[in-house]
Amino acid sequence: MATQIVSPALLRLPSVCALVGLSKSQIYRLIKIGDFPAPVQLGANSVAWPAERVRDWISEKINAATQ
């Protein structure tokens, strides 16, 4: 049975990298300059990205490229 992502979902870094096609360092570089959504803190040493924010970022990039 396939796992289905239901919103709201949280994505860990490997999933974010796979979705956007960027490396970990590039994602953190974009966060620092305000061009990528920041993660939410889950615990003392863990973070995750809201899937909806990542999907919105992808949509913005696609829309900007088609204009």
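In this text the structure is predicted, and so the values were computed from the model without any measurement.

Attention shifts here to the environment of Leu-42. The residue Leu-42 is located in strand β2 (residues 40-43) in this model. Residues Leu-42 and Leu-10 lie 32 residues apart in sequence; the distance between their C-alpha atoms is 9.8 Å. In this structure, Leu-42 is in contact with Leu-10, Arg-12, Val-47 and Ala-48, ignoring residues within four places of it in sequence.

Attention now moves to helix α3 (residues 51-66). Here α3 contains 16 residues, and its C-alpha end-to-end distance of 23 Å stays within 8% of the 22 Å for a straight helix at 1.5 Å per residue. Taken residue by residue, α3 has Ala-51, Val-54 and Trp-57 as its buried positions. Along the axis of α3, the buried residues cluster in a sector spanning 130 degrees; they form a single face. Residues of α3 that are exposed and point more than 90 degrees away from the buried face comprise Glu-60, Ala-64 and Thr-66. Buried residues belonging to α3 abut β1 (10-11), α1 (13-20), α2 (24-32) and β3 (46-50).

Rules used throughout
Residues numbered from 1 in each chain as written. Predicted model: local features only at pLDDT ≥ 70, side-chain atom pairs only at ≥ 80, totals over all residues. Heavy atoms only, no water. Helix = DSSP H or I, 4+ residues; strand = E, 2+ residues; numbered from the N terminus. Contact = heavy atoms within 4.5 Å. Expected span 1.5 Å × (residues − 1). Buried < 20%, exposed > 50% of the residue type's maximum accessible area, 1.4 Å probe, protein only. Arc of directions from axis to C-beta.

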